[in-house]
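# Observations on the three-dimensional arrangement
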Amino acid sequence: MTVLYKIPTGCKKIDEILDGGFSLKKVSLIYGEAETGKTTLVTQCAVNCARRGCKTLFVDSDGTFSARRLFQITSRDFKDISELMILMKPNNFSEQAIVIDRLKDYITESFGLVVIDTLTSLYRAEIAENYKKTFELNRELNRQMACLAQIAKTQRIVVLATSQVQSLFNEAFVVTEPIATRVLKFWADTIIAMRPTENPQIIKAILEKSPKKVQPLTCHLKIDETGIHEYLT
Ligand SMILES: Nc1ncnc2c1ncn2[C@@H]1O[C@H](COP(=O)(O)OP(=O)(O)OP(=O)(O)O)[C@@H](O)[C@H]1O
Ligand SMILES: [Mg+2]
């Protein structure tokens, strides 16, 4: 079996600065507004993981995973790649907790990646139903992140979590931050923010945090039929 060192995103500049891609034993966060390519990017990582002979457990918490999109991204080796992807669809935040708690039982040596897309969608749905439980749900989200960090470390895999954003008023202007900002940013080793531009196909990606601690890196990405890739302006 091939030894996995990193999982590339497939976006050249980001992979260069991450020394080949997302790190094993760490949790990384990709956050941004709707339709900014988060699912496309993590699907691409699952494809790159499969092309290195390793399995992905894809937790589709917002029910948006599309086999058609996977087919577009993989094309010729769709069958081989889909065989290395296991999909789970929790229906509520408690089911997501169960999936995360049991990861240690599913994740064997043949796995390279766990994706949770979108980690905060069921959390947000539950808060919308019962605002009074916010503190408790926040604590549970923190517990899930701690579990993911532990699994990443003990099983030597990459964990990728995605999150949508909330708008916060910061003195004179509005900033977008991931939902449950403090919890997610605390546990994430690498953070990529995906920002929309005037052209819906072009995304501004900001590498906010990386193990190398370089200045935040900004680059443009283009979403098309084949996935999401570097776009030179
Ligand atoms: N075949 C394709 N060709 C070009 N663009 C596509 C194709 N398939 C999807 N897209 C575009 O990709 C974008 C959606 O990407 P994606 O689902 O990865 O975003 P997301 O950030 O995960 O969104 P959400 O927050 O809603 O989950 C949309 O703008 C859509 O138009
Ligand atoms: Mg998505």
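Residues numbered from 1 in each chain as written. Chains lettered and ligands numbered in written order. Predicted model: local features only at pLDDT ≥ 70, side-chain atom pairs only at ≥ 80, totals over all residues. Heavy atoms only, no water.

## A look at the overall build of the chain
In plain terms, the rule: Under the DSSP-based scheme used, a helix requires at least four consecutive residues in state H or I and a strand at least two consecutive residues in state E, with every element numbered from the N terminus. Throughout, radius of gyration means the C-alpha value; the globule benchmark is 2.2 Å times the number of residues raised to the power 0.38. Throughout, a contact is declared for two residues whenever any of their heavy atoms are within 4.5 Å. In this count, Lys and Arg are taken as positive residues and Asp and Glu as negative ones, while His and the chain termini are left out. A single reference atom marks each charge: NZ on Lys, CZ on Arg, CG on Asp, CD on Glu.
A tally of regular secondary structure across the chain gives 9 helices and 13 strands. A compact globule built from 233 residues would reach a C-alpha radius of gyration of about 17 Å, and the chain, at 17 Å, matches this within 12%. With the C-alpha coordinates aligned to their principal axes, the bounding extent of the chain is approximately 50 × 45 × 35 Å. In the chain, the proportion of contacts linking residues at least 24 apart, taken out of those at least 6 apart, comes to 65%. Charge centroids of the chain, computed over 31 positive and 27 negative side chains, lie 4 Å from each other.

## Notes on the layout of surface pockets
Formally: Space inside and on the surface of the protein is sampled on a 1 Å grid over the protein atoms alone, with a cavity defined as a set of points where a 1.4 Å probe fits but cannot get out and a pocket as an open set with protein on both sides within 12 Å along at least 5 of 7 lines; lining residues have an atom within 4 Å of a point. Grid points are joined across faces, edges and corners, and a volume is the space filled by probe spheres set on the points. Amino acids are sorted into nonpolar (Ala, Val, Leu, Ile, Met, Phe, Trp, Tyr, Cys and Pro), charged (Asp, Glu, Lys and Arg) and polar (every other residue, Gly among them).
For the largest pocket, the calculated volume is near 510 Å³. Lining the largest pocket are 22 residues; nearest its centre among them are Glu35, Gly37, Thr39, Thr40 and Arg69. When contributions to the lining of the largest pocket are tallied by element, the ones reaching two or more residues are helix H2 (38-50), helix H3 (67-74) and strand S12 (217-224). Taken together, the residues that form the lining of the largest pocket break down as 4 nonpolar, 10 polar and 8 charged.

## Examining the sheet that holds strand S5 (residues 85-88)
Cut-off, in case you're wondering: Two strands make a pair as long as DSSP finds a minimum of two bridges between them. As a rule, the C-alpha atoms of each element are fitted with a line to give its axis, helices using only the stretch in contact, and angles between N-to-C directions run from 0 to 180 degrees.
One open sheet accounts for 9 strands, arranged S5-S4-S6-S7-S3-S10-S11-S12-S13; its pairing is mixed. Edge positions in the open sheet fall to S5 and strand S13 (227-230), since each of these has one partner strand only. Direction aside, the axes of adjacent strands within the sheet are offset by 20° on average. Across 6 bridges, the pairing between strand S11 (residues 202-209) and S12 is antiparallel. By the bridge assignment for S12, Ile202 is matched with Lys222.

## A look at the site of ligand 1
The following threshold applies: Put simply, a residue is near a molecule or strand once any heavy atom of it comes within 4 Å of that molecule or strand. The definition of a polar contact used here is a pair of N or O atoms within 3.5 Å, where within protein one atom must be able to donate a hydrogen and the other to accept one, and adjacent residues in sequence count solely through side-chain atom pairs. To measure how exposed things are, a 1.4 Å probe is used in the Shrake-Rupley method; for residues, cover is taken only from the protein chains shown. Whether a molecule sits in a cavity or pocket is decided by its atoms, more than half of which must lie within 2 Å of the grid points.
If you check the shell around ligand 1, you find 15 residues, and the closest are Glu35, Lys38, Thr39, Thr40 and Gln164. One nitrogen or oxygen atom from the side chain of Gln164 is found 2.8 Å from an oxygen atom belonging to ligand 1. Across the complex, the protein chains shield 72% of the 650 Å² of accessible surface that ligand 1 would expose by itself. Comparing atom positions with the cavity grids shows ligand 1 to sit within the largest pocket. Those elements that place two or more of their residues in the shell around ligand 1 are H2, H3 and S12. With 3 residues, the top contributor of residues to the shell around ligand 1 is H2. Across the shell around ligand 1, the residue classes tally to 2 nonpolar, 6 polar and 7 charged.

## What about empty space enclosed by the protein?
Considering all chains together, one arrives at 1 cavity of 30 Å³ or more under this definition. What the largest cavity holds in volume is close to 30 Å³. Elements with a minimum of two residues in the lining of the largest cavity: strand S3 (26-32) and strand S10 (190-196). A total of 3 residues in the lining of the largest cavity trace back to one element, the largest contributor, which is S10.

## Some remarks on H3
Short version of the rule: Working definition: with a 1.4 Å probe on protein chains only, accessible area under 20% of the residue-type maximum means buried, over 50% means exposed, and in between means partly exposed. Directions are taken from the helix axis to each C-beta atom, and the arc is the one they span.
Regarding H3, the residues found buried are Arg69, Leu70, Ile73 and Thr74. Taken end-on, H3 shows its buried residues confined to a sector of 125°, consistent with a single buried face. Lining the buried residues of H3 we find H2, helix H4 (78-82), S5, S12 and S13. Its side-chain oxygen at 3.3 Å from the backbone nitrogen of Arg68, Ser66 defines the N-terminal cap of H3. After H3 finishes, the residue Ser75 shows a positive phi value of roughly 45°.

## Topic: the pairing of strand S7 (residues 158-163)
With 6 of 6 residues buried, S7 is to be regarded as a mostly interior element. With burial as the criterion, each face of S7 is covered, one bearing Val158, Leu160 and Thr162 and the other bearing Val159, Ala161 and Ser163. Sheet topology note: the S3/S7 ladder contains 6 bridges and is parallel. Bridge pairing in S7 places Leu29 opposite Ala161.

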